[in-house]
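An overview of the molecular structure
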Amino acid sequence: MAPDRRQPYENHEAQHWISDQKTVTEVLEFHKNLSLYSQTPLVSLPKLAEEIGVLEVFAKDESERCGLPSFKILGASWATHRAIAAYTKLPVTSDMKLLAEAAQAEAIVLVAATEGNHGRAVARIASLLNLKARILVPRHMNPTTVEMIRGEGAEVTVTNVDYDATVVIAMTLSEEIDAGILIQDTAFEGYEEIPQWIVDGYSTMMVEIDTQLGGKSPDLIVTPVGVGSLAQAVVTHFKANGRGTRVLSVEPDTAACLWRNLTDGSSTTTQTRSTIMAGMNCGKVSTSAWPLLKSGIDASVTISDIESHEAVKDLSTMGVNAGPCGAATLAALRYSAKLGLKSLNLNKDSVVILLSTEGPREYTKPLDVRISDSVALTQALVRIDSTNPGLSKAGGVGEKPIAKYIAAWLEHRNIETHWLEKTPGRPSVVGVVRGSGGGKSIMFNGHLDTVTTAGYSGDPLSGDIEDGSLYGRGCFDMKAGLAAALGTLAHARNAGLRGDVIFTGVADEENLSAGTEELLEQGWTADGAIVLEPTFLQIVTAHKGFVWLEVDIHGRAAHGSRYDLGVDAICKAGHFLVQLDKYSQEVLRREPNPELGTGSVHASLIQGGEEPSSYPAKCTITIERRTVPGETSASITEEIKTILDQVAASVTDFKYDIRVTFSRSPFQIEKNHAFVACAAKNIEKVLRKPAKFRGEKGWADSALLAEKGIPSMLFGVDGEGAHAATEWVTVESIGQVTQSLVNIVDDFCA
């Protein structure tokens, strides 16, 4: 069976590589002089050792280090000490009291960017030295973590960018501040000395491990990776002098900068997304770390948030209080042991060290992205509120939570992922499985948003299955379709196709279709597209469009008693409404489109007047005109304008303005189109009966795709209750749609 997740990177040459960098011996003595210093425990985990099949597993428990819940103060304290000594031209052997006095005299300000623990450590050192600290944190930082940093006495600034961009801002700030010093744990061009001192500071942890093991080298050490400075310290120490220790690195699925760099063989910036492993959410490997990690890392894996969360719980039962970053090493060990990675050479005599780098902290329990079954995936998607905020007075959550889940689901499987967010808070997600070349590409389009949950009968986010149907808001319209498309995308990873398979989960279809518009603006295209709206397992090859118009009928405002001055706009509007009703009947008598019938028109809204005692100066009528192929926004506007002109010719003081506020084109594709025929053939194999074709009275994003020259059709699940008080989808149809899409992909993209 093909793997359903991102595979490890292995470097079999790393076992022979020897680090030429040396551990700085004076660092441990420096740390011993810090208040509250004590050696952190190396906790034996015998049950885990038995589970993995090795001699011993230990966790280096960094949940309490010098009064802080992380190892980070080791690097921050030593680097600050060295930086202040260099700035004030004092000997590096100077004690902290002397350095503090010199730093205060210079009014030194410590600056850092952080995802949490590093910034708090810098803030703590600044407090001990009675210095000011300016700590910058990226957007979406956990508020509790921000307050903890402020609690150290630092001035905290929340930026509107990610961690890597926040580092750049911090560098600029340190240059603008008189006597500002950037204490940053990542190196980049022109800034490498202080990050190296931070790495040197981490060596205390490695020396402690040596002491606690009685001088024996571990066979494997598992380290979490953010920018790679801790891993650099690990490789520097445990790959020196031919010690033979293997090193396994772990990162979040959604922030796998080292894994990607190792796989590609070069250091580049990786786009990251949110993770509970916040301290590891970095998109660029430290420039000083990269050469060592490229040579010295034996294996690199990535894990999902749910695996980290489960490891947090498991370590707790073993007596180790860890946060998500620290527990990531346990999840990595289990995954690697399950695969039996040859690069790690684990056996019954192996001694393994897990670096548990942080203590417990607050985070939101993550959802499980390991789900592959399309029915279970539908349940997971339904349980994520993605109500469109632009549809109801109550507002809505928007697409961000479900987009984050889908992006993490894709990353877990190492599927190329793109995040589109032209409108803040309204993201769309694109996943792509690239073909080998020369084949046709296919796009699956589905919307992430749902209508409101207000008025839903029962729990709208239950996802419960009863009597063969799955219930909840959006299950039918159209999260089952999303799940089927995602399952097909995962299948395509290992199908050996020549053409690309593209998943597009778009925002705002239930309102203005901003997501698909942005998708097309960004240049996404394909040789064929299936919009996965619920179609009751039928193929929809046509649907209506619509035009929204507003007509202002103008009167003249006057006191209610002054009939001689006032012109009643509402009464004048009545003349138009009578003719509009006649027009609606005439439209229904027109020659019908074979699949869609005729267009239609109705007055949706009417607004006018200010108060009972005044003649209304204006009455605004909102009109919706449903259209069929051959009708355009311009032609409809002209038809309504003709009616208005006829009324104006026969009614005294009748004046108007007309405008189109929004429109969408109708859609139609021939049933014998090659793409439709291919899809129909493969759908028939699953349904075991001839495919049924029909038109749809509503509108869908297929029209936007067709306007860009993408042959499109609609096909989706069976069920009922779109926008209704109870919504359901049949479990059987989810499987049928998924298998149909798989068959289509295997045929069309072969």
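A brief structural summary. (Residues numbered from 1 in each chain as written. Predicted model: local features only at pLDDT ≥ 70, side-chain atom pairs only at ≥ 80, totals over all residues. Heavy atoms only, no water.)

Digging into the overall build of the protein
A count of helices and strands for the protein gives 22 helices and 30 strands. The principal-axis extent of the C-alpha atoms belonging to the protein is close to 100 × 70 × 45 Å. Per-residue burial for the protein yields a buried fraction of 57% across its 750 residues. For the protein, contacts bridging at least 24 residues in sequence account for 76% of all contacts bridging at least 6. (Helix = DSSP H or I, 4+ residues; strand = E, 2+ residues; numbered from the N terminus. Buried < 20%, exposed > 50% of the residue type's maximum accessible area, 1.4 Å probe, protein only. Contact = heavy atoms within 4.5 Å.)

Notes on empty space enclosed by the protein
Throughout the structure, instances matching the rule amount to 2 cavities of 30 Å³ or more. Taken together, 27 residues line the largest cavity, and the ones lying closest to its centre are F71, K72, D185, G226 and G279. At the level of secondary structure, the elements contributing two or more residues to the lining of the largest cavity comprise α5 (117-128) and α9 (229-238). Broken down by element, the lining of the largest cavity gets its largest block of residues, 3 residues, from α9. In terms of residue class, the lining of the largest cavity is built from 12 nonpolar, 11 polar and 4 charged. Here the second largest cavity is characterised by a volume of approximately 60 Å³. At 4 residues, the largest contribution of residues to the lining of the second largest cavity is made by helix α3 (residues 73-88). (1 Å grid on protein atoms, 1.4 Å probe; cavity = no way out; pocket = protein on both sides within 12 Å on 5 of 7 lines; lining within 4 Å. Points joined across faces, edges and corners; volume = space filled by probe spheres on them. Nonpolar A, V, L, I, M, F, W, Y, C, P; charged D, E, K, R; others polar.)

Some remarks on the sheet that holds strand β22 (residues 600-608)
The 4 strands are arranged β22-β24-β20-β25 in an open sheet whose pairing can be described as antiparallel. The open sheet has two free edges, formed respectively by β22 and β25 (655-664), since each of these has just one partner strand. Along the sheet, successive strands turn relative to each other by an average axial angle of 20 degrees, direction set aside. As judged from the 10 bridges shared by strand β20 (residues 545-554) and strand β24 (residues 618-627), these two strands associate in the antiparallel manner. Residue pairing in the sheet places L549 in a bridge with I623 of β24. Relative to β24, helix α18 (residues 569-588) is tilted by about 10 degrees, and along the sheet it contacts β20, β22 and β24. (Pairing = 2+ DSSP bridges. Axes fitted to C-alpha atoms, helices over the stretch in contact; angles between N-to-C directions.)

Regarding a negative patch on the surface
Negative charge collects at one region of the surface, where D459, D464, E466 and D467 lie side by side. Examined against the element boundaries, D467 turns out to sit in the loop between β15 (465-466) and β16 (469-471). (Patch = residues over 30% accessible without salt bridge, like charges linked within 9 Å, V, L, I, M, F, W, Y side chains within 5 Å. Areas by Shrake-Rupley, 256 points an atom, 1.4 Å probe, with all protein chains shown as cover. Salt bridge = Lys/Arg side-chain N within 4 Å of Asp/Glu carboxyl O. Lys, Arg positive; Asp, Glu negative; His and termini not counted. Charge placed at Lys NZ, Arg CZ, Asp CG, Glu CD.)

Overview of the layout of surface pockets
If a probe the size of a water molecule is rolled over the atoms, the empty space left behind becomes visible. The space that makes up the second largest pocket amounts to roughly 560 Å³. Forming the walls of the second largest pocket are 28 residues, and the residues nearest its centre are E509, E510, G698, W699 and H723. Contributing elements (two or more residues each) for the lining of the second largest pocket: α16 (475-492), β20, β24, β25 and β27 (693-696). Of the residues that constitute the lining of the second largest pocket, the class distribution is 12 nonpolar, 6 polar and 10 charged.

Let's talk about unusual backbone geometry
The peptide bond linking D477 to M478 adopts the cis configuration, its omega dihedral lying at 0 degrees. One can find M478 in helix α16. Even without being a glycine, N130 presents a positive backbone phi close to 60 degrees. Of note, N130 is situated in the loop between α5 and β5 (132-137). The phi angle at D508 is positive, at roughly 70 degrees, despite the residue not being glycine.

So, helix α14 (residues 374-382)
Within α14, 8 of the 9 residues are buried, leaving the element largely enclosed by the surrounding structure. All buried positions along α14 are accounted for by S374, V375, L377, T378, Q379, A380, L381 and V382. In this structure, the buried residues of α14 make contact with α15 (400-412), β15, β16, α16 and α22 (731-748). Capping the start of α14 is the job of one residue whose side-chain oxygen sits 3.1 Å from the backbone nitrogen of V375: D373. (Polar contact = N/O pair within 3.5 Å; in protein donor to acceptor, adjacent residues only side chain to side chain.)

As for the pattern of salt bridges
Within the structure shown, the criterion is met by 43 salt bridges. A salt bridge links E101 to K97, with the nearest nitrogen and oxygen atoms 2.8 Å apart. Of this pair, E101 and K97 both sit in helix α4 (residues 96-106), 4 residues apart, roughly one helical turn. Put simply, K422 and E521 hold a salt bridge, and the shortest N to O gap is 3.0 Å. Note that K422 is positioned in the loop between β12 (416-420) and β13 (428-433) and E521 in helix α17 (residues 514-521), a separation of 99 residues in sequence. Residue classification places K422 among the exposed residues on the basis of a relative accessible area of 57%. Look at the salt bridges and you will find they share partners, linking E586, R590, R625, E631 and E639 into a network.

Comments concerning the side chain of T302
Tracing the sequence through the fold places T302 in strand β10 (residues 299-303). In terms of polar contacts, T302 uses its side chain to reach the side chain of R6, at 3.2 Å. In contact with T302, other than residues within four places in its own chain, are R5, R6, E251, P252, D253, A256, W259 and Y335.

Things to note about the nonpolar core
Of all hydrophobic cores here, the largest spans 90 residues; its most connected members are I135 and I183. Excluding residues that lie within four positions of it along the chain, I135 makes contacts with A112, T114, G119, V122, A123, I149, A154, E155, V156 and T157. Listed in part, the 84 residues of the second largest apolar core include L448, M478, L532 and I744. (Core = buried A, V, L, I, M, F, W, Y, C linked by side-chain atoms within 4.5 Å.)

Description of the packing of α14 against α16
At a closest axis distance of 8 Å, the pairing of α14 and α16 adopts a crossing angle of 130 degrees. With respect to α16, the axis of α14 lies oblique. Read as a crossing pair, α14 and α16 show a hand that is right-handed. In contact with S374, L377, T378, L381 and V382 of α14, α16 contributes C475, K479, A480, L482, A483, A484 and L486. Per-class residue counts for the contact of α14 with α16 are 9 nonpolar, 2 polar and 1 charged. (Parallel < 35°, antiparallel > 145°, perpendicular 65-115°, else oblique. Left-handed = near helix turned anticlockwise from the far one by under 90°.)

Comments concerning the packing of aromatic side chains
Applying the stated criterion across every chain yields a total of 10 aromatic pairs. Measuring from ring centre to ring centre gives 5.0 Å for F675 and F748, while their planes differ by 65 degrees; the resulting arrangement is edge-to-face. Of this pair, F675 sits in helix α20 (residues 674-687) while F748 sits in helix α22, and the two are 73 residues apart along the sequence. By the burial criterion, F675 is buried, and F748 matches it. Feature note: the residues F546, W548, F662 and W699 constitute an aromatic cluster, connected by ring pairs. Its end group placed over the ring of W409, R413 keeps NZ or CZ at 3.7 Å from the ring centre. (Phe/Tyr/Trp six-rings, centres within 6.5 Å; stacked < 30°, edge-to-face > 60°. Lys NZ or Arg CZ within 6 Å of the ring centre and 35° of its normal.)

Focus: the sheet that holds strand β2 (residues 42-44)
On the basis of which strands lie adjacent, the open sheet formed by 7 strands has the order β1-β10-β9-β8-β11-β3-β2 and mixed pairing. Looking at which strands have only one partner, the edges of the open sheet turn out to be β1 (9-10) and β2. One ladder, built from 2 bridges, connects β1 with β10; its direction is antiparallel. Paired with E10 across the bridge in β10 is A299. Against the sheet, α9 makes contact with β8 (220-224), β9 (246-252) and β11 (351-356), and its axis sits at roughly 160 degrees relative to β8, the strand it touches most.

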